[in-house]
Amino acid sequence: MTDHVCLQLQSWLHGSAGLWSSSLPQTGFFPPLENAMLLSGTFNNRVALITGGGTGLGRAMTVTLSQLGAQCIIASRKLEVLQQTAEEISSQTGNKVHAVQCDVRDPQAVSQCIDQMEALTGLPDVIINNAAGNFVCPSERLSPNAWQTVIDIVLNGTAFVTLELGKRLIQKQKGASFLAITTIYAESGSGFVAPSASAKAGVEALYKSLAAEWGRYGHRFNIIQPGPIRTKGAFSRMDPTGAFEKVKIDRIPTGRLGKPAELANLVAYMSSDYASWMSGAVIRFDGGEYVSIAGEFNELRSVTPDQWKVMEAMIRKTKGS
Ligand SMILES: CC/C=C\C/C=C\C/C=C\C/C=C\C=C\C(=O)SCCNC(=O)CCNC(=O)[C@H](O)C(C)(C)COP(=O)(O)OP(=O)(O)OC[C@H]1O[C@@H](n2cnc3c(N)ncnc32)[C@H](O)[C@@H]1OP(=O)(O)O
Ligand SMILES: NC(=O)C1=CN([C@@H]2O[C@H](COP(=O)(O)OP(=O)(O)OC[C@H]3O[C@@H](n4cnc5c(N)ncnc54)[C@H](OP(=O)(O)O)[C@@H]3O)[C@@H](O)[C@H]2O)C=CC1
């Protein structure tokens, strides 16, 4: 028995068993709740700008904010996509969603987009910097333009939108909540997405800096770091073959991907007056993935109770160093 368990352990250590798979099956402890969490009317008479709001997570945020009473503006490059999303959400919620074309890489376009927005709704109360560009690529294969494209969308785009709106809000003495969507690897860095990791880290530095500097103008700045949530935009560029999805899920302690509506509820809370004391916060929202990857001994989840008996006996038998 003991020899058999030792052999099993050796085979596990040499990688023939799934390194990340837990010895216990995931039993659906963490079902997602996808309805809007806040009180209806929380965002009545509020205007929310969501960059990249036409698709994926930005779209889900727009649905939730609109359900809660906000007048939303969604902005990105593809006007047709934006218009379709805006119409669908407006008719679903009864609250107007406006579509405004804007390439956030271009500061002049950003300024014109904000002119357009001011004419439509006035300056926003809620700003969600969600637009991004990313793809997995070995760093030695990146061209200068590939690097620059991601940095321009994510870091410069966020800065152009935030600074232009910030200046105008300060001028009008109007407070606002700014939120940036980054990633869990903004902190750790990550191979194969170096431009995105660098840009998202820059966004976090910008938001923490402005949280300190612009509180005096009535502006709050917060950050959400989502873990993996299925969207076409992300998954088609991060896992085009689908080969890595199971590996990812196996290392998430809650045993599943996140849902767009779950993230949208957190976004709504952090953008609402219920969070008016929250500024400079970085909230990781990843089902436990980050700590699961980081912990030195977390692979020991694969050790079975029988294997533990053998290991414990071996450890207890050892005397001295
Ligand atoms: C192990 C992983 C397992 C599972 C993963 C599963 C799920 C994901 C989990 C977590 C996700 C975590 C973080 C996600 C962060 C995100 O940001 S996801 C959002 C993704 N959405 C988008 O990217 C949408 C917008 N993207 C785009 O429009 C394009 O993809 C873009 C390339 C970013 C920009 O388009 P644009 O038209 O402006 O640019 P191009 O002219 O096409 O390209 C510019 C230069 O980049 C080079 N390029 C483009 N693609 C690639 C590539 N795949 N590899 C290498 N280089 C690329 C292109 O050649 C240009 O350079 P040049 O040729 O030198 O001119
Ligand atoms: N899904 C996930 O697992 C994770 C996502 N994230 C983050 O969540 C956010 C949303 O991603 P997700 O919804 O998954 O992916 P999407 O691809 O659906 O969203 C990205 C959005 O950004 C917009 N966009 C891209 N380039 C520009 C530009 N130059 N100017 C204006 N808008 C632009 C796109 O619209 P258009 O093409 O019309 O310009 C699109 O709507 C991103 O910040 C991403 O980094 C973070 C961690 C995990």
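Shown above is the structure to which this text applies.
Below is a summary of the structure that appears in this document. Being a predicted model, the structure only gives us computed values, none of them experimental.

**A closer look at the nonpolar core**
So, point 1. Among the nonpolar cores identified, the biggest contains 61 residues, and Ala-48, Ile-74, Ile-128 and Val-267 are the most heavily contacted of them.
So, point 2. Tallying contributions element by element places helix 5 (residues 144–172) first for this core, with 8 residues.
So, point 3. With residues up to four places along the chain from it excluded, the contact list for Val-267 reads Met-61, Ile-128, Leu-179 and Ile-224.
So, point 4. In terms of nonpolar packing, the next biggest core, distinct from the first, is built from 5 residues, Ile-184, Tyr-185, Ala-186 and Ala-197 among them.

**Examining the site of ligand 1**
So, point 1. Taken together, 23 residues are adjacent to ligand 1, and Gly-133, Asn-134, Ser-143, Ala-146 and Phe-244 come closest.
So, point 2. At the level of elements, helix 5, helix 8 (232–238) and helix 9 (245–250) are the ones that each hand at least two residues to the shell around ligand 1.
So, point 3. A per-element tally of the shell around ligand 1 places helix 8 first, with 5 residues.
So, point 4. A per-class count over the shell around ligand 1 returns 10 nonpolar, 8 polar and 5 charged.

**Section: helix 12 (residues 305–317)**
So, point 1. Here helix 12 is 13 residues long and its end C-alpha atoms lie 18 Å apart, about the 18 Å a rise of 1.5 Å per residue gives.
So, point 2. Among the 13 residues in helix 12, 0 count as buried, and that is only a small part of the element.

**Observations regarding the site of ligand 2**
So, point 1. The environment of ligand 2 is made up of 30 residues, and the closest members are Gly-52, Gly-56, Arg-77, Ala-132 and Gly-233.
So, point 2. If you list the elements that add at least two residues to the shell around ligand 2, you get helix 2 (56–67), helix 5 and helix 8.
So, point 3. No other element matches helix 2, which puts 3 residues into the shell around ligand 2.
So, point 4. Classifying every residue of the shell around ligand 2 gives 12 nonpolar, 14 polar and 4 charged.

**Focus on the packing of helix 2 against helix 3 (residues 79–93)**
So, point 1. As a packed pair, helix 2 and helix 3 sit with axes 10 Å apart at the nearest point and diverge in direction by 30°. With respect to helix 3, the axis of helix 2 lies roughly parallel. Here helix 2 runs over helix 3; the crossing is right-handed. On helix 3, the residues that touch Arg-59, Thr-62, Val-63, Ser-66 and Gln-67 of helix 2 are Thr-85, Ile-89 and Thr-93.
So, point 2. When grouped by side-chain class, the residues that make up the contact of helix 2 with helix 3 number 2 nonpolar, 5 polar and 1 charged.

**Thoughts on helix 5**
So, point 1. The end-to-end C-alpha separation of helix 5 is 40 Å, in line with the 42 Å expected for 29 residues at 1.5 Å each.
So, point 2. By the burial criterion, the buried members of helix 5 are Val-150, Ile-153, Val-154, Leu-155, Gly-157, Thr-158, Phe-160, Val-161, Thr-162, Leu-165 and Leu-169.
So, point 3. Turning to helix 5, the residues buried within the fold contact strand 1 (47–51), helix 4 (107–121), strand 4 (126–129), strand 5 (176–181), helix 7 (194–214) and strand 6 (219–226).
So, point 4. Gln-173 occupies a position one or two residues after helix 5 and carries a positive phi of about 55°.

**Looking at the sheet that holds strand 7 (residues 282–285)**
So, point 1. Strand order across the open sheet formed by 7 strands is 3-2-1-4-5-6-7, with parallel pairing between neighbours. This sheet does not close on itself; its edge strands, each paired only once, are strand 3 (97–101) and strand 7. Strand-to-strand twist across the sheet, computed as the mean angle between neighbouring axes with direction ignored, equals 20°.
So, point 2. Sheet strands touched by helix 3: strand 2 (71–76) and strand 3. Its angle to strand 3, the strand with the most contacts, is close to 175°.
So, point 3. Contacts from helix 7 reach strand 5, strand 6 and strand 7, with the element oriented near 155° to strand 6.

**Things to note about the packing of helix 2 against helix 10 (residues 260–271)**
So, point 1. Where helix 2 meets helix 10, the closest approach of the two axes is 8 Å, and the angle between their N-to-C directions is 55°. Considered as vectors, helix 2 and helix 10 are oriented oblique to each other. Relative to helix 10, the crossing made by helix 2 is right-handed. Counting all contacts with helix 2, which are made through Gly-56, Leu-57, Ala-60, Met-61, Val-63, Thr-64 and Leu-65, the residues of helix 10 involved are Pro-260, Ala-261, Leu-263, Ala-264, Asn-265, Val-267 and Ala-268.

Cut-offs and rules
- Residues numbered from 1 in each chain as written.
- Chains lettered and ligands numbered in written order.
- Predicted model: local features only at pLDDT ≥ 70, side-chain atom pairs only at ≥ 80, totals over all residues.
- Core = buried A, V, L, I, M, F, W, Y, C linked by C-beta atoms within 7 Å.
- Buried ≥ 20, exposed ≤ 12 C-beta atoms within 10 Å, placed from the backbone.
- Helix = DSSP H or I, 4+ residues; strand = E, 2+ residues; numbered from the N terminus.
- Contact = placed C-beta atoms within 7 Å.
- Near = placed C-beta within 6 Å.
- Nonpolar A, V, L, I, M, F, W, Y, C, P; charged D, E, K, R; others polar.
- Expected span 1.5 Å × (residues − 1).
- Axes fitted to C-alpha atoms, helices over the stretch in contact; angles between N-to-C directions.
- Parallel < 35°, antiparallel > 145°, perpendicular 65-115°, else oblique.
- Left-handed = near helix turned anticlockwise from the far one by under 90°.
- Pairing = 2+ DSSP bridges.

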